[in-house]
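Coordinates in review
Here are the chains, one letter per residue:
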Amino acid sequence: MKITNVEAIWLRVPALDQPCEWGEDALIVRIHTDAGLIGIGETDSSPAVVKALIETPSSHETCQGLRQLLAGENPLEIDRLWKKMYRGTDYVGRRGAAIHAISALDIALWDIAGQFYGVPLHTLLGGKHRDRIAAYGTFLPRSDDAGNRQLVRVLLEQGFRSVKVGGGTFGDNPIEDRSIIRVLRDVGNDIQLQIDLVGRWRNYTHALEQCEALREFNLNWIEEPLPSDDTFGLARLVQTTGMRVSGGEGLATRHEFQQFLDDTAPAIIQPDITRCGGISEMRHIYELARTRGVQLVPHGFSTGILLAATAHFLASTETGDLIEYSQSESPLFRRLVKNLLPFRDGYVQVPDAPGLGVVLDEEVLEQYRVRQ
Ligand code: MG
């Protein structure tokens, strides 16, 4: 079997000159083979940048285009191809967008392998530890208490027992943040509640003050409290607050996670399978976390492709018992994957179809496709 083509498909809901919210654009890849099998992957990154990294003609040995690197290769040789892509993009890659692109392609290669061998991806990854995974719902806060109260009620009615709030202006105004969390706790007194600061707290002192102010709400974790490069501040916060600090959704490869773990000792790491280097690299990152007793709760806020890849991966691990379930109303989450893994009674069912098991809705794909 040989790879015959690699498609990089840029999807976007708003027009190019209109603001775009999380979940409203995506970069999907399809790897075609001469056996007729097609692998699907995605990355939650800057679609135009990733598309260029895939489609660019090669410049020289360590600055190559990913499509050219894969052309004619056997898609079942995933580890060799991962290393070939990593080496071939050394000058523009090793971290960041090139690893995001490799992540998408790696997921598609695993999808092909699953289809080829006729087994779900979690079987290829070593076996299924669970049939369903508890899910937490992530939502962006509304500007008023009534709106937030209603949002959480809807989540609880759906069966969520774990909720995360963050994004928008959350983290900018301590009084407003406190008011939002108070409303959430009023409605869901006994639920798991976590907050995501997206790096908005200013420094260690500021972050410590905010943690203390919120301590009474029994938060399950505090996500990305400080700017990404404030390693010193984050390490101090982890040591002094006693609250569970998490992060890492923007990190790529085991190397960045090793550094993150060494420098800050977080309670939880949150690699995104579409950014960290795909399923292949996620396995290394998981083992790193395991050896240090750190929990891994993957980031996941994009399409049903990411959701399926994450479910397969978590099912194949001993401790992968919590998955993020986007509350985005974007058609790219709700409708791009025809057989989107449903959320039911607090859980996501682990799929058992061969490969990744996702079926794309070609009409949705064409409707939101950016042609440039
Ligand atoms: Mg986050």
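Residues numbered from 1 in each chain as written. Predicted model: local features only at pLDDT ≥ 70, side-chain atom pairs only at ≥ 80, totals over all residues. Heavy atoms only, no water.

1. A look at the pairing of strand S1 (residues 3–12)
When you tally the buried positions in S1, you get eight out of 10 residues, the bulk of the element. Sheet topology note: the S1/strand S2 (residues 25–33) ladder contains nine bridges and is antiparallel. From the neighbouring strand, Leu11 faces S2, where its bridge partner is Ala26. (Buried < 20%, exposed > 50% of the residue type's maximum accessible area, 1.4 Å probe, protein only. Helix = DSSP H or I, 4+ residues; strand = E, 2+ residues; numbered from the N terminus. Pairing = 2+ DSSP bridges.)

2. Brief notes about the coordination of the magnesium ion
Around a metal, the ideal angle is 109.5 degrees if four donors adopt a tetrahedral arrangement and 90 or 180 degrees if six donors adopt an octahedral arrangement. Within the first shell, the magnesium ion binds the protein through Asp196 (OD), Glu223 (OE) and Glu249 (OE), at distances of 2.0 to 2.1 Å. Each donor residue of the magnesium ion belongs to the same chain, with the gaps between them written as D-x26-E-x25-E. Within this pair, whereas Asp196 is found in strand S6 (residues 192–196), its partner Glu249 is found in the loop between strand S8 (245–247) and helix H10 (253–264), the two being separated by 53 residues in sequence. For the pair Asp196 and Glu249, a shared accessibility class is recorded, and that class is buried. (Donors = N, O, S within 2.8 Å, 3.2 Å for Na, K, Ca; no water.)

3. Here we look at the nonpolar core
Grouped together as the largest cluster of nonpolar side chains are 111 residues, with contacts concentrated most on Ile54 and Ile195. The dominant element in this core, judged by the number of residues it contributes, is helix H4 (residues 96–117), at 12 residues. Taken domain by domain, this core gets at least three of its residues from each of domain 1 (3–119) and domain 2 (124–362). Trp221, Ile268, Val297 and Leu322 belong to the second-largest nonpolar core, a separate cluster that totals five residues. (Core = buried A, V, L, I, M, F, W, Y, C linked by side-chain atoms within 4.5 Å. Domains from an automatic or database assignment.)

4. Focus on the packing of aromatic side chains
Inspection of every chain in the model, using the stated rule, returns nine aromatic pairs. Here the aromatic rings of Trp82 and Tyr86 are separated by 5.2 Å at their centres, their planes lie at 25°, and the arrangement is stacked. Placement of the pair is Trp82 and Tyr86 together in helix H3 (residues 78–88), with a separation of four residues, close to one helical turn. Through a chain of ring-to-ring contacts, the aromatic side chains of Phe160, Tyr325, Phe333 and Phe343 assemble into a single cluster. Across the ring face of Tyr347, the terminal group of Arg132 is positioned such that the distance to the ring centre comes to 3.6 Å. (Phe/Tyr/Trp six-rings, centres within 6.5 Å; stacked < 30°, edge-to-face > 60°. Lys NZ or Arg CZ within 6 Å of the ring centre and 35° of its normal.)

5. A word on the domain arrangement of the chain
How big an interface is tends to be expressed through the accessible area that disappears when the partners come together. In terms of domain boundaries, the chain breaks down into domain 1 (3–119) and domain 2 (124–362). Computed over C-alpha atoms, the centres of domain 1 and domain 2 are 24 Å apart. Counting residues at the interface gives 34 residues for domain 1, matched by 40 residues for domain 2. Regarding the contact of domain 1 and domain 2, the summed buried area is about 2900 Å², with carbon and sulfur atoms giving 67% of it. Summed over the three residues of domain 1 that lose the most area to domain 2, namely Trp22, Asp44 and Trp110, the buried surface amounts to 23% of that side. For the pair domain 1 and domain 2, the interface holds two salt bridges. Ionic pairing is found between Glu362 and Arg30, a salt bridge with its closest N-O pair at 3.0 Å. Joining domain 1 to domain 2, the criterion identifies 17 residue pairs in polar contact (both at pLDDT 80 or more). Secondary-structure elements contributing two or more residues to the side of domain 1 that touches domain 2 are S2, strand S3 (38–43), H3 and H4. With 12 residues, H4 is the largest single contributor of residues to the side of domain 1 that touches domain 2. When grouped by side-chain class, the residues that make up the side of domain 1 that touches domain 2 number 15 nonpolar, nine polar and 10 charged. (Contact = heavy atoms within 4.5 Å. Buried area = accessible area lost by both parts, 1.4 Å probe. Salt bridge = Lys/Arg side-chain N within 4 Å of Asp/Glu carboxyl O. Polar contact = N/O pair within 3.5 Å; in protein donor to acceptor, adjacent residues only side chain to side chain. Nonpolar A, V, L, I, M, F, W, Y, C, P; charged D, E, K, R; others polar.)

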